[in-house]
Amino acid sequence: MDFLIPLSCAFIVSFMAIRWVIPVAEKFGLVDIPAGRKQHDGKVPLIGGFAIYLSILTTSMMFIPNSQALNIYLVSASLILFIGVLDDKYDIPVRYRLAAQVIVASMMIFGAGLYLKNLGDLLGFGVISLSFVGVFVTVIAVIGAINAFNMVDGIDGLAGMLSLITFAGLAYLLSRVGSDWYLLPLLFIAALVAYLMFNLGWPTKILRKVFMGDAGSMLIGLTVVWLLVIGVDEGVQAFRPVTALYLIAIPLMDMAAIMFRRINKGDSPFKPDRDHLHHIFMRAGFTQRQSLVIISLCAGIFAFVGVLSELYQVPEVIMFIGFIVTFALYSYAIQHAWQIITSFRNLMNRS
């Protein structure tokens, strides 16, 4: 019951911010216009990310105990939101986004003192200590998480639903060890629910459609990786490093697979295209809503398996091998999607 008031406040601030900022976004041209890869009806305000940020900024300062780490997180979130808004408005070059991501990673490492010190017992031969290499691994992890959630934001509700699942798992695992940080993912859940009501038109289509934009997806990615690093920290130990893979499985695997395909084609790994998992589902004949439900269910299963494995202390080497095998199967399926779909359709036609 202690978190009902914070969650209510986060929901209300996010909901009202969207209502109030829509006219401002339209006035300054912060809207998504259909063209090329972007296939939607009319100009859609890109202010979901700002509303979520405003909600988190307000409620975290009110309800989460003040600390240096929290203050640095809020400054980092402000920077990544600013870069995201610029990208939404002007489509800035990738190098500027990467530079901002390196800066926020440095703030996490050198300002808050948070970085990956070990990878756990992934290979079954003991804990893999990272020492000073952990700094570089953490920078890569921050860039990876931010871009994973940014890239998966391709159809209505997907980035929001996947992050809801991740935040739910993080909130539960952090609350088990009594960490004050458990409230941050809960606040995000409340703010995201308000956003999804507009984005998905639920429970009523009367609400004006909005997108979270790069500002929102990058903010989510930063927050997820921040909480993951806190969760595996020796002072918290809410979960083991391998569990983090399961909490962000779908965004992580989609990003890794799509980057590998782009590099294989000789393209930039950051070049936009329509070859993501949700695009493949839709080309296979599924609607946006069906694709959203299926992908979200898959993400929920991964997160559930990760949390359950943490509770029952499944050996890390088994969890790691399981994830690698799943990723290999996923990559193969993505690479040969059309052959698999054609074979399935032929099988169905024969029956």
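In this report, the structure presented in the accompanying data block is examined.

The rules behind these values
- Counting starts from 1 at the beginning of each chain's written sequence and moves along it residue by residue.
- Only residues with pLDDT of at least 70 get local features here, since the model is predicted, and only at 80 or more are side-chain atom pairs given and counted; chain-wide, interface and lining totals rely on the full set of residues.
- Hydrogen atoms and water are omitted, and side-chain values are computed over all heavy atoms in the structure.
- Helix and strand labels come from DSSP, where a helix needs a run of H or I of at least four residues and a strand needs a run of E of at least two; each type is numbered from the N terminus.
- Two things to know: the radius of gyration comes from C-alpha atoms, and the globule rule equals 2.2 Å times the number of residues to the power 0.38.
- Contact between two residues is taken to exist if any of their heavy atoms lie within 4.5 Å; hydrogens are not considered.
- For the area figures, the Shrake-Rupley method with a 1.4 Å probe applies, and any residue is considered shielded solely by the protein chains shown.
- Neither His nor the chain termini are counted; the positive set is Lys and Arg, and the negative set is Asp and Glu.
- By convention, charge coordinates are those of NZ in Lys, CZ in Arg, CG in Asp, or CD in Glu.
- Each Phe, Tyr or Trp ring (for Trp, its six-membered ring) is paired with any other whose centre lies within 6.5 Å, and the angle between the two planes then decides the class: stacked below 30 degrees, edge-to-face above 60, tilted in between.
- A simple rule labels every residue: compare its accessible area, found with a 1.4 Å probe on the protein chains alone, to the largest value its type can have, and call it buried under 20%, exposed over 50%, or partly exposed in between.
- Comment: the charge-over-ring label is applied if NZ (Lys) or CZ (Arg) is within 6 Å of the ring centre and within 35 degrees of the ring normal.
- Only buried residues count toward a nonpolar core, which is a set of Ala, Val, Leu, Ile, Met, Phe, Trp, Tyr and Cys residues joined through side-chain atoms within 4.5 Å.
- Points on a 1 Å grid over protein atoms alone make up a cavity when a 1.4 Å probe fits among them but cannot get out, and a pocket when they form an open set with protein on both sides within 12 Å along at least five of seven lines; lining residues each have an atom within 4 Å of a point.
- Grid points are joined across faces, edges and corners, and a volume is the space filled by probe spheres set on the points.
- We count a salt bridge whenever a side-chain nitrogen from Lys or Arg sits within 4 Å of a carboxyl oxygen from Asp or Glu.
- A 3.5 Å cut-off defines polar contacts: any pair of N or O atoms within that distance qualifies, except that in protein one atom must be a possible hydrogen donor and the other a possible acceptor, and neighbouring residues in sequence count only when both atoms are side-chain atoms.
- Only the stretch in contact is used when a helix axis is fitted, and all axes are lines through C-alpha atoms; the angle between N-to-C directions ranges over 0 to 180 degrees.
- Helix crossings are classified by the rotation of the near helix relative to the far one: an anticlockwise turn of less than a right angle makes the crossing left-handed, while a clockwise turn makes it right-handed.
- Side-chain classes follow a simple rule in which Ala, Val, Leu, Ile, Met, Phe, Trp, Tyr, Cys and Pro form the nonpolar group, Asp, Glu, Lys and Arg form the charged group, and the remainder, Gly included, forms the polar group.
- One less than the number of residues in a helix, times 1.5 Å, gives the span that helix is expected to have.
- Every angle not falling under 35 degrees, over 145, or within 65 to 115 is termed oblique; those three ranges are roughly parallel, roughly antiparallel and roughly perpendicular.

### Some words on the overall build of the protein
Each helix and strand counted, the protein has 14 helices and two strands in total. In summary, the protein has a C-alpha radius of gyration of 20 Å against a globular reference of 20 Å for 351 residues, a match within 12%. By principal-axis analysis of the C-alpha atoms, the protein measures approximately 55 × 50 × 40 Å. Relative to all contacts within the protein whose residues are 6 or more apart in sequence, the contacts with residues 24 or more apart total 73%. When the accessible surface of the protein is split by element, carbon and sulfur atoms take 67% of a total near 16300 Å². In the protein, the 23 positive side-chain charges and the 20 negative ones have mean positions that sit 10 Å from each other.

### So, the packing of aromatic side chains
Using the criterion set out here, one finds seven aromatic pairs in the structure. Judged by centre distance (5.4 Å) and plane angle (65°), the ring pair of Phe281 and Phe286 falls under edge-to-face. Phe281 sits in the buried class, given a relative accessible area of 19%. Counting every residue linked through ring pairs, the aromatic cluster contains Phe11, Phe15 and Phe198. Here Arg95 stacks its cationic end above the ring of Tyr96, 4.9 Å away from the centre of that ring. Taking the ring centre of Tyr115 as reference, the NZ or CZ of Lys117 above it sits at 4.4 Å.

### Quick notes on the nonpolar core
Within the largest apolar cluster, 111 residues are counted, with the highest numbers of intra-cluster contacts made by Tyr73, Trp181, Phe188 and Trp226. Excluding residues that lie within four positions of it along the chain, Trp181 makes contacts with Ala69, Leu70, Tyr73, Leu174, Trp226, Leu227 and Ile230. Ala148, Met151, Met255 and Ile258 belong to the second largest nonpolar core, which has five residues in total.

### Description of the layout of surface pockets
Computed from the structure, the second largest pocket encloses a volume of approximately 630 Å³. Lining of the second largest pocket is provided by 25 residues; of these, Leu116, Val137, Ala141, Leu245 and Leu252 occupy positions nearest its centre. Counting residues per element, the ones that place at least two in the lining of the second largest pocket are helix H5 (133-151), helix H8 (213-232), helix H9 (241-247) and helix H10 (249-264). No other element matches the seven residues that H5 contributes to the lining of the second largest pocket.

### Considering the pattern of salt bridges
Following the criterion strictly, the structure yields five salt bridges and no others. Here Lys209 and Asp156 are joined by a salt bridge, their closest N and O atoms 2.5 Å apart. Within this pair, whereas Lys209 is found in the loop between helix H7 (183-199) and H8, its partner Asp156 is found in the loop between H5 and helix H6 (158-176), the two being separated by 53 residues in sequence. You can call Lys209 partly exposed: its relative accessible area is 26%. Across the salt bridge formed by Arg240 and Glu310, the nearest N and O atoms sit 3.3 Å from each other. Of this pair, Arg240 sits in the loop between H8 and H9 while Glu310 sits in helix H12 (residues 288-311), and the two are 70 residues apart along the sequence.

### Overview of the side chain of Thr59
Considering the arrangement of structural elements, one finds Thr59 in helix H2 (residues 48-63). Using a relative accessible area of 1% as the deciding quantity, one classes Thr59 as buried. A polar atom in the side chain of Thr59 sits 2.7 Å from the backbone oxygen of Ser55. If near-sequence neighbours (up to four positions away) are discounted, Thr59 is found in contact with Pro6, Cys9, Ala10, Ile64 and Leu187.

### Details of the packing of H2 against H7
Running from amino to carboxyl end, H2 crosses H7 at an angle of 145°, the nearest separation of the two axes being 9 Å. Here the hand of the crossing between H2 and H7 comes out right-handed. Each of Gly48, Ile52, Ser55, Ile56, Thr59, Ser60 and Phe63 in H2 lies in contact with H7, whose residues at this interface are Leu183, Leu184, Leu187, Phe188, Ala191, Leu192 and Tyr195. When the residues that make up the contact of H2 with H7 are grouped by side-chain class, the tally is 10 nonpolar, four polar and no charged.

### Re the side chain of Ser55
With respect to the element layout, Ser55 can be found in helix H2. Discounting chain neighbours no more than four positions away, the residues touching Ser55 are Ala10, Val13, Ser14 and Ala191.

### Examining H8
Helical geometry note: an α-helix holds 3.6 residues per turn, so side chains three or four residues apart project in the same direction. End to end, H8 covers 29 Å across 20 residues, agreeing with the expected 28 Å (1.5 Å per residue, within 8%). Of all 20 residues that make up H8, 19 are buried, and the element is covered over most of its length.

### Brief notes about the packing of H7 against H8
Axis separation between H7 and H8 bottoms out at 11 Å; the angle between their running directions is 155°. Judged on the interaxial angle alone, H8 and H7 are roughly antiparallel. In this structure, H7 crosses over H8, and the sense of that crossing is left-handed. Within the contact between the two elements, H7 uses Leu184, Pro185, Phe188 and Leu192 and H8 uses Leu219, Ile220, Thr223 and Leu227. Classifying every residue of the contact of H7 with H8 gives seven nonpolar, one polar and no charged.

### Structural notes on unusual backbone geometry
Phi at Gln237 is positive, roughly 50°, even though this residue is not glycine. Within the element layout of this structure, Gln237 appears in the loop between H8 and H9. By relative accessible area, which is 55% here, Gln237 ends up exposed. The backbone phi angle of Gln313 is positive, close to 50°, even though this residue is not glycine. The residue Gln313 is located in the loop between H12 and helix H13 (316-335) in this model. When its relative accessible area of 48% is taken as the criterion, Gln313 is described as partly exposed.

Fair warning: the whole summary comes from geometry, so function is off the table for now.
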